[in-house]
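Letter by letter, the chains look like this.
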Amino acid sequence: MRYLLAAGYRVIPVRPRDCDEVLGIPCVASLAEIERPIDLVDVFRRSEYAPDVAREAVAVGAKALWLQLGVVSDEARRIAEEGGLDYVENACTAIVHRHI
């Protein structure tokens, strides 16, 4: 998240548990609480949670779902792609962004 903020992206942390802020940015409990279009949902949770995040991302009309290094889910891929989202798994946004 620190890298994306430094690169100029607007990042809204979504935390399913009690959390007031991350790096000084207020957290929300779900994607549905975000009141603006969502370009990318960047997932830092274990693979078993990815399908639920994919469903939520589709429901809010996100454009893409990105699962971080070590996070892989065939079910999340299916949900995201059937919902029209671009999909990436097992990749770090910071590493990929540096090579663009």
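None of the values given here were measured: they were computed from a predicted structure. (Residues numbered from 1 in each chain as written. Predicted model: local features only at pLDDT ≥ 70, side-chain atom pairs only at ≥ 80, totals over all residues. Heavy atoms only, no water.)

Engineer: Explanation requested: the pattern of salt bridges in the structure shown.
Structural biologist: Scanning all chains against the criterion turns up 7 salt bridges. Here K63 makes a salt bridge to D39, at a shortest N to O gap of 3.2 Å. Taken together, the positions of K63 in the loop between α2 (50–59) and β4 (64–67) and D39 in the loop between β2 (25–26) and β3 (40–43) put the pair 24 residues apart, joining distant regions of the chain. Assessed through its relative accessible area of 48%, D39 is described here as partly exposed. (Salt bridge = Lys/Arg side-chain N within 4 Å of Asp/Glu carboxyl O. Helix = DSSP H or I, 4+ residues; strand = E, 2+ residues; numbered from the N terminus. Buried < 20%, exposed > 50% of the residue type's maximum accessible area, 1.4 Å probe, protein only.)

Engineer: Just checking my understanding: could you explain the environment of K63 for this structure?
Structural biologist: In the structure, K63 is positioned 16 residues away from I79 in sequence and 13 Å away in space, judged by C-alpha atoms. For K63, the contacting residues outside a window of four places in its chain are I38, D39, G84, L85 and D86. Among the polar contacts listed, one links the side chain of K63 to the side chain of D39, at a separation of 3.2 Å. (Contact = heavy atoms within 4.5 Å. Polar contact = N/O pair within 3.5 Å; in protein donor to acceptor, adjacent residues only side chain to side chain.)

Engineer: Can you help me understand the environment of C92 in this one?
Structural biologist: Note on placement: C92 falls in the loop between β5 (86–88) and α4 (93–98). Given a relative accessible area of 17%, C92 falls into the buried group. For C92 and R10, which are 82 residues apart along the polypeptide, the C-alpha to C-alpha distance reads 17 Å. The contact partners of C92, leaving out residues within four places of it in the chain, are W66, Q68 and L69.

Engineer: I'm lost on α2 in this one. Help?
Structural biologist: The periodicity of an α-helix, 3.6 residues per turn, causes residues three or four positions apart to be oriented the same way. Within α2, burial applies to A50, P51, V53, A54 and A57. All buried residues of α2 fall inside an arc of 160° around its axis, so they share one side. Check the buried side of α2 and you find it contacts β3, β4 and α3 (74–82). Phi turns positive, to about 80°, at G61, one or two residues after α2. (Arc of directions from axis to C-beta.)

Engineer: Help me understand the sheet that holds β5 in this model?
Structural biologist: Whether parallel or antiparallel, the strands of a sheet pair through hydrogen bonds between backbone atoms. Taken in spatial order, the 3 strands make up an open sheet running β3-β4-β5, and their pairing is parallel. The open sheet is flanked by β3 and β5, the only strands paired with a single partner. Mean inter-strand twist for the sheet, computed between neighbouring axes without regard to direction, equals 10°. Bridging between β4 and β5 involves 3 bridges; their strand directions are parallel. Along β5, the bridge assignment pairs A64 with D86. Contacts between α2 and the sheet are confined to β3 and β4, with β4 contributing the most and set at about 160° to the helix. Lying on the sheet, α3 is in contact with β4 and β5; it crosses β5 at an angle near 160°. (Pairing = 2+ DSSP bridges. Axes fitted to C-alpha atoms, helices over the stretch in contact; angles between N-to-C directions.)

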